[in-house]
Amino acid sequence: THYLEEAEQLCDEIAIINHGRLVTCQKTEDLLQTLDSKELILTIDQDLADIPSQLSDFNVTLEGERNLVFRVPPAQVPVDAILTALSDIGLGVVDLVTKQSDLEDIFLMLTRENKDSGISNAR
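Just so we're clear, the structure is a prediction, and the values are computed from it rather than from any experiment. (Residues numbered from 1 in each chain as written. Predicted model: local features only at pLDDT ≥ 70, side-chain atom pairs only at ≥ 80, totals over all residues. Heavy atoms only, no water.)

(A) Seen up close, the overall build of the chain. When you go through the chain residue by residue, the secondary structure sums to four helices and six strands. Radius of gyration (C-alpha) of the chain: 18 Å, far over the 14 Å computed for a compact globule of 123 residues. By its C-alpha atoms, the chain is 50 × 30 × 25 Å across when sized along the principal axes. Residue pairs at least 24 apart in sequence account for 61% of intrachain contacts in the chain once pairs closer than 6 positions are excluded. Of the roughly 8,000 Å² that the chain leaves accessible, carbon and sulfur atoms contribute 47%. Here the chain contributes 9 positively and 23 negatively charged side chains, and the mean placements of these two sets differ by 8 Å. (Helix = DSSP H or I, 4+ residues; strand = E, 2+ residues; numbered from the N terminus. Rg over C-alpha atoms; globule rule 2.2 N^0.38 Å. Contact = heavy atoms within 4.5 Å. Areas by Shrake-Rupley, 256 points an atom, 1.4 Å probe, with all protein chains shown as cover. Lys, Arg positive; Asp, Glu negative; His and termini not counted. Charge placed at Lys NZ, Arg CZ, Asp CG, Glu CD.)

Here you go:
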């Protein structure tokens, strides 16, 4: 199928083919764990002009005046560490949205890597 959301839901094993070459073939669960990435979008209770220096250890961007977007590997950066850091500098959280990496993100990463390197990751 070309419907990645459908494949993620229904398939036990997924093969990704890019320009006729097998890029990977893995159990769906294993494939989804290859990209250890999560996006946390936090709406805070104050307007910010810049990202506070106390957050420099995190991969964070400021979108608008109140949205801090953290791109983190959940296995290495627990959400509570981010929330504690915000609390320590006096920022409250009004809303929190998370976006977990999905099969489309992994597909794009793998096909981009193979396009740039010309190397197959077939197992």
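(B) Region of the structure containing the environment of threonine 84. Structurally, the position occupied by threonine 84 is in helix α3 (residues 79-88). With relative accessibility at 42%, the residue threonine 84 sits in the partly exposed group. When the C-alpha positions of threonine 84 and leucine 10 are compared, they lie 38 Å apart, and in sequence the two are 74 residues distant. (Buried < 20%, exposed > 50% of the residue type's maximum accessible area, 1.4 Å probe, protein only.)

(C) Molecular detail of the confidence of the model for the chain. When pLDDT is averaged along the chain, the result is 85, and 90% of the positions lie at 70 or above. Of all helices and strands in the chain, the one with the weakest mean pLDDT is helix α4 (residues 103-117) (76), whereas strand β4 (residues 60-63) scores best (95). Confidence drops under a pLDDT of 50 for residues 118-123, and excluding neighbours within four residues, the segment shows 16 contacts in the predicted structure. (pLDDT = per-residue confidence, 0-100.)

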